[in-house]
Amino acid sequence: DVVMTQSPLSLPVTLGQPASISCRSSQSLVHSGGNTYLNWFLQRPGQSPRRLIYQVSNWDSGVPDRFSGSGSGTDFTLKISRVEAEDVGVYYCLQHTHWPYTFGQGTKLEI
Amino acid sequence: EVQLVESGGGLVQPGGSLRLSCVASGFTFGNYWVNWVRQAPGRGLEWVAEIGPDGGTKNYVDSIKGRFTISRDNAKQSVFLVMTSLRDDDTAVYYCATLHRNINWAHWGQGTLVTVSS
């Protein structure tokens with residue numbers, strides 16, 4: 001199975017400051033069709049997860065543009081340009097290329 | 001509005017069985033893959049099973065293979081997860097989700113809690 005490793009696991013941030021989360025995979029996430037299926041999710045306290053980013057850098061509906069995804073192959077990053085209070089929660093990366101699809105351990109962002 | 005509503009969770013003894021249901025509304029259900037993702041208390045997310053739009057393709061993570069069965073009834077806009085031979089480590093919130101990897105389409109239910117304990 002593909003192992004997804006996130007860092008850091010805990011991310012204290014200051015409101016208005018940037019934040020960055022890394023996600024590394026144990027093998028390339030480039031699909032045979034050429035796309036790279038790396039997603040980012042946010043799970044706010046007491047809520048279901050919500051997908052923010054798909055295919056490395058594409059926003060899902062309603063996602064603020066202060067979130068951005070980048071990377072390729074096995075190395076990916078989620079960046080928040082200016083953290084807001086509503087961004088608190090646990091962030092997960094997910095590889096959606098190789099079955100079984102696997103999540104990272106989660107990064108807890110707190111103010 | 002897209003909605004996914006899970007039901008069927010509860011307390012069950014080790015070795016017991018449960019049937020989870022997920023009823024969808026607000027979209028053309030038969031066009032999309034549907035998945036079950038679980039989260040043990042205080043832990044991360046685990047994708048456990050998926051089923052294709054016509055029900056012909058099913059995939060399971062190794063830890064549940066042979067014990068859980070995913071199925072769907074497109075006429076009733078529903079997906080099911082039949083869980084047998086339940087173990088303590090199956091205790092989790094089970095989420096129903098539909099996530100398309102190529103387009104802006106990602107929706108989750110609120111989850112249903114399964115507790116396996118004697």
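Structure: above.
About the thresholds
Residues numbered from 1 in each chain as written. Chains lettered and ligands numbered in written order. Predicted model: local features only at pLDDT ≥ 70, side-chain atom pairs only at ≥ 80, totals over all residues. Heavy atoms only, no water. Contact = heavy atoms within 4.5 Å. Buried area = accessible area lost by both parts, 1.4 Å probe. Salt bridge = Lys/Arg side-chain N within 4 Å of Asp/Glu carboxyl O. Polar contact = N/O pair within 3.5 Å; in protein donor to acceptor, adjacent residues only side chain to side chain. Helix = DSSP H or I, 4+ residues; strand = E, 2+ residues; numbered from the N terminus. Nonpolar A, V, L, I, M, F, W, Y, C, P; charged D, E, K, R; others polar. Core = buried A, V, L, I, M, F, W, Y, C linked by side-chain atoms within 4.5 Å. Buried < 20%, exposed > 50% of the residue type's maximum accessible area, 1.4 Å probe, protein only.

Caption draft 1: The interface of chain B and chain A, seen in detail. Across the contact, 25 residues belong to chain B and 22 residues belong to chain A. A buried area of about 1,900 Å², summed over both sides, lies between chain B and chain A, and 54% of it is on carbon and sulfur atoms. Three residues stand out in chain B for area buried against chain A, namely L45(B), W47(B) and R101(B), and they jointly supply 41% of the buried area on that side. Summed over the shared surface of chain B and chain A, the result is 0 salt bridges. The tally of links between chain B and chain A comes to 16 residue pairs in polar contact (both at pLDDT 80 or more). Every element with two or more residues in the side of chain B that touches chain A is listed here: β4 (34-39), β5 (45-51), β6 (58-60), β9 (92-100) and β10 (105-108) of chain B. With 6 residues, β5(B) is the largest single contributor of residues to the side of chain B that touches chain A. By residue class, the composition of the side of chain B that touches chain A is 13 nonpolar, 8 polar and 4 charged.

Caption draft 2: Structural detail: the nonpolar core. All names here are of chain B. Counting 29 residues, the largest nonpolar core has W36, I70, V79, L81, M83 and Y94 as its most contacted members. Taken together, the elements giving at least two residues each to this core come down to β3 (18-25), β4, β5, β7 (68-73), β8 (78-83), β9 and β11 (112-116). Sorting elements by how many residues they give to this core places β3 first, with 4 residues.

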